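The primary structure of each chain is shown beneath.
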Protein chains: 2
Amino acid sequence: MVTMKEIANKAGVSVSTVSLVLNNRDEGRVKSEIASNVRTIAKQLGYRANPLASSLRTGRTRILGFISEEVATTLYAGGIILGAQSAASQLGYMLITVSTDGKASENEEIAALKRYGTDGFLYAKMSNRVTKAPKSLRGTPLVLVDATDEEGLIPSVEPDEFRIGYDATRRLIDAGCERIAYVGCSELMIAQEGRQAGYRKALEDAGRTFDERLVVNVLNNGPALEAVRDLFDAEHPDGFFCFNDARAWYVYECAARRGLTVGRDISVVGVDNHRVFAETLSPMLTTIELPHFEMGYWAAAKLISLIEDRSLHDLELPETTAAIPPFDAVEPAKIHCTLIEKESVR
Amino acid sequence: MVTMKEIANKAGVSVSTVSLVLNNRDEGRVKSEIASNVRTIAKQLGYRANPLASSLRTGRTRILGFISEEVATTLYAGGIILGAQSAASQLGYMLITVSTDGKASENEEIAALKRYGTDGFLYAKMSNRVTKAPKSLRGTPLVLVDATDEEGLIPSVEPDEFRIGYDATRRLIDAGCERIAYVGCSELMIAQEGRQAGYRKALEDAGRTFDERLVVNVLNNGPALEAVRDLFDAEHPDGFFCFNDARAWYVYECAARRGLTVGRDISVVGVDNHRVFAETLSPMLTTIELPHFEMGYWAAAKLISLIEDRSLHDLELPETTAAIPPFDAVEPAKIHCTLIEKESVR
DNA sequence: TTGAAAGCGCTAACAC
DNA sequence: GTGTTAGCGCTTTCAA
């Protein structure tokens, strides 16, 4: 590890001068000749600042805390973390991720993170829902990811759920489907409500009437399969908008048993939460990919802009190599999903 | 943040004394009366050491680096990270996780981690394979997770792949299956080789002859489905050992199309890589759960024991709340998977 | 325009 | 046994 001291020696100046230059606070304070000399020596020696040492003085560590409940164990989370890491590393930050189970360990972990001098927090949920951030996070820079603050005070980055439902349904209508079903989620959350509302609106905009019998909201379990089976036999839908790919699988299972082929006899559009699933089903499935990477990326960028109190308008999303190698058969149809960035309302 | 200084003031002693006591280096150096006084004041004030400040002196930060390629984007990884975090936090460490794509960014990220003074590294792979750890990691404490060092020099924690294959096949034999197929992976790796060898050995131990025609090694893609379809029609197996749950899905798809029911007409045992899958298929699928959490846990514990140069024999795996809530229908049969801990051979 | 000096919170020699 | 002192790498007055 090369230090400022070494640079100072080599350049024949003091450490303070080096500090000024390397922090770009030399304008009008250090002779530009000396400044550039210091800079070249630094580059030459491969100097990299020791963020921990500076933190002692400045109180800022360039470390972000990423807190999630179960989320880090979901495939869903991988992309978010990856995106957040990407923005962080692009802006010279590091991410410490922490998973909690329950409020008790949550506060423990937050305290631990704070001891490490975390500059701010990302608080992520598994699926967009109304959320109350722990009080121990009040007062620190904080951004919610895939979640909505109860009081609208905390900024967040989340998918446009209504539009997901609208676009998916629109797609099925355009594909010529006459009886479009919605296989949703029976838990109350923004993702569910928004998507179902979008489904309904798309139908109405197309001059169709919303029919409750075509909607089945289920959990991800055994009874779910039965519910979808009943929907199949009672209503004979020819199009399915599925809350996620796990639910799409029920449709596949039922179709296979009835000798129906997805993509020919029935059409299916599903939100692609788990990737593994959709990759296996994909030759026949139209997916809506939640932009997890982007969500994490913009959330981290927003957090950093909060911390540094400056806008990051010039930031650009990096080219990503796909996190999971693309399915090597037919590239499935994909519907783009847009993000919403909510500002604090106060 | 309460500092040692404050404690020292309140106790009427010097900071060094406080330091000695709070680091448990007071034995025979500080009067026990004073020591306990310092301790109570510390507890009272809720003192928590600032690991970053001490790192400046000691060179140790109590931060571990977790490096993975794609792994952090796989559901597979969630458990590992969770386990590693658990051991880390139990022993007073923090985990910084970093995902890389390709060697270039890998070295970048490693350098960044080193700047943060990481005490050691966990290097994780997506699936057990022979691995060459980056040279930039030489010289620092390092443990491989779900990977095997090329030269056997680096300690690792990995599943007992042979036994997975053996136990799975044994299970199918015990279930009365006559024609047991193996749906494996066509990539060369320890996981594949070990599991297929275990499959073969179990058959032979049961007095059966290994039949190549019952083995199909595929990727996770379109042609894979065809290969399984062919296997179905040519060999009519009544038992399937699947490399993972994604491959098990091909068997389900084929069975459904032929009117066969898993658990009645055919038996399937699969390694449960992706959880989402197996949870959906589970009422009928016997799964082998890779102990991801444990793998991460023991790997981190091993790393810390390397760093602190002490054995952690008294460490106990914590009770975990299941990372993903258990499937609420029939609890699927599960086969236990054991871990192997490899020491450095030199 | 530059450098000396102090100090962030903590540890570790070394005096006392 | 306990306090003094120096210093980890860096930032930040303040004096020159």
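Along each chain, residues carry numbers from 1 onward, in the same order as the chain's sequence is written. Each chain gets a letter, beginning with A, and each ligand a number, beginning with 1, in the order they are written. At least 70 in pLDDT is required for a residue's local features to be given in this predicted model, at least 80 for side-chain atom pairs to be given and counted, and no such filter applies to totals for whole chains, interfaces and linings, which use all residues. Side-chain measures here rest on the full set of heavy atoms in the structure, leaving out hydrogens and waters.

## Notes on the packing of helix 2 (residues 15-22) of chain A against helix 3 (residues 32-45) of chain A
Residue and element names in this part refer to chain A. For helices, the fitted line uses only the C-alpha atoms of the stretch in contact; every axis is such a line through C-alpha atoms, and the angle between N-to-C directions lies from 0 to 180 degrees. Helix and strand labels come from DSSP, where a helix needs a run of H or I of at least four residues and a strand needs a run of E of at least two; each type is numbered from the N terminus. Two elements in contact, helix 2 and helix 3, have axes whose closest approach is 10 Å; the angle formed by their N-to-C orientations is 85°. Overall, the two elements helix 2 and helix 3 adopt an arrangement that is roughly perpendicular. Judged by residue contacts, Thr 17, Val 18, Val 21 and Leu 22 of helix 2 engage Ile 34, Ala 35, Val 38, Arg 39 and Ala 42 from helix 3. Comment on the angle field: the value is read as roughly parallel under 35 degrees, roughly antiparallel over 145, roughly perpendicular from 65 to 115, and oblique elsewhere. Two residues qualify as a contact provided that any one of their heavy atoms is within 4.5 Å of a heavy atom in the partner residue.

## Points about the protein's contact with DNA strand C
Throughout this document, a residue counts as near a molecule or strand when at least one of its heavy atoms sits within 4 Å of that molecule or strand. Close to DNA strand C lie 25 residues, the nearest being Lys 31, Ile 34 and Arg 57 of chain A together with Met 4 and Tyr 47 of chain B. Among the atoms of DNA strand C lying within 4 Å of the protein, the sugar-phosphate backbone contributes 65%. Here a polar contact means two N or O atoms within 3.5 Å. Within protein one must be a hydrogen donor candidate and the other an acceptor candidate, and residues neighboring in sequence count only if both atoms are side-chain atoms. In this structure, Tyr 47 of chain B approaches DNA strand C through a side-chain N or O atom, which is 2.6 Å from a phosphate oxygen. Of all elements in the fold, only helix 2 and helix 4 (51-58) of chain A together with helix 2 (15-22) and helix 4 (51-58) of chain B reach the threshold of two or more residues within the surface near DNA strand C. No other element matches the five residues that helix 4 of chain B contributes to the surface near DNA strand C.

## Notes on the UniProt feature "domain: HTH lacI-type" (unreviewed entry) in chain A
Per the UniProt entry, the sites bearing "domain: HTH lacI-type" (unreviewed entry) are residues 2-58 of chain A in this numbering. Between the C-alpha atoms that bound residues 2-58 of chain A there is a distance of 20 Å. The span itself is 67% helix and 0% strand. UniProt positions are given in the numbering used here, feature names are shortened, and annotations may be inferred rather than shown by experiment.

## Side note on the packing of aromatic side chains
Geometry of aromatic contacts follows a simple scheme: Phe, Tyr and Trp rings, the Trp one being its six-membered ring, pair when their centres are within 6.5 Å, and the pair is stacked under 30 degrees between planes, edge-to-face over 60, tilted otherwise. In the structure shown here, the tally under the stated rule is 16 aromatic pairs over all chains. Centre to centre, the rings of Trp 249 of chain B and Tyr 250 of chain B are 6.0 Å apart; their planes meet at 75°, and the pair counts as edge-to-face. Comparing Trp 249 of chain B with Tyr 250 of chain B shows no difference in burial state: the two are buried. Cluster of aromatic residues (ring-pair linked, three or more members): Tyr 182, Tyr 199, Phe 210 and Phe 241 of chain A. A simple rule labels every residue: compare its accessible area, found with a 1.4 Å probe on the protein chains alone, to the largest value its type can have, and call it buried under 20%, exposed over 50%, or partly exposed in between.

## Description of the protein's contact with DNA strand D
Around DNA strand D there are 24 residues in total, and Tyr 47 of chain A together with Ser 16, Arg 29, Lys 31 and Arg 57 of chain B lie nearest to it. Protein-adjacent atoms of DNA strand D, using a 4 Å cutoff, are sugar or phosphate at a proportion of 63%. Between Tyr 47 of chain A and DNA strand D, the recorded distance is 2.6 Å, taken from a side-chain N or O atom to a phosphate oxygen. A distance of 3.3 Å is found between a base oxygen of DNA strand D and a backbone nitrogen or oxygen belonging to Arg 57 of chain B. Those elements giving two or more residues to the surface near DNA strand D turn out to be helix 2 and helix 4 of chain A together with helix 2 and helix 4 of chain B. Take the surface near DNA strand D: its biggest share by element is five residues, from helix 4 of chain A. Considered class by class, the residues forming the surface near DNA strand D number nine nonpolar, 11 polar and four charged. Polar here means any residue outside two lists: the nonpolar Ala, Val, Leu, Ile, Met, Phe, Trp, Tyr, Cys and Pro, and the charged Asp, Glu, Lys and Arg; Gly therefore counts as polar.

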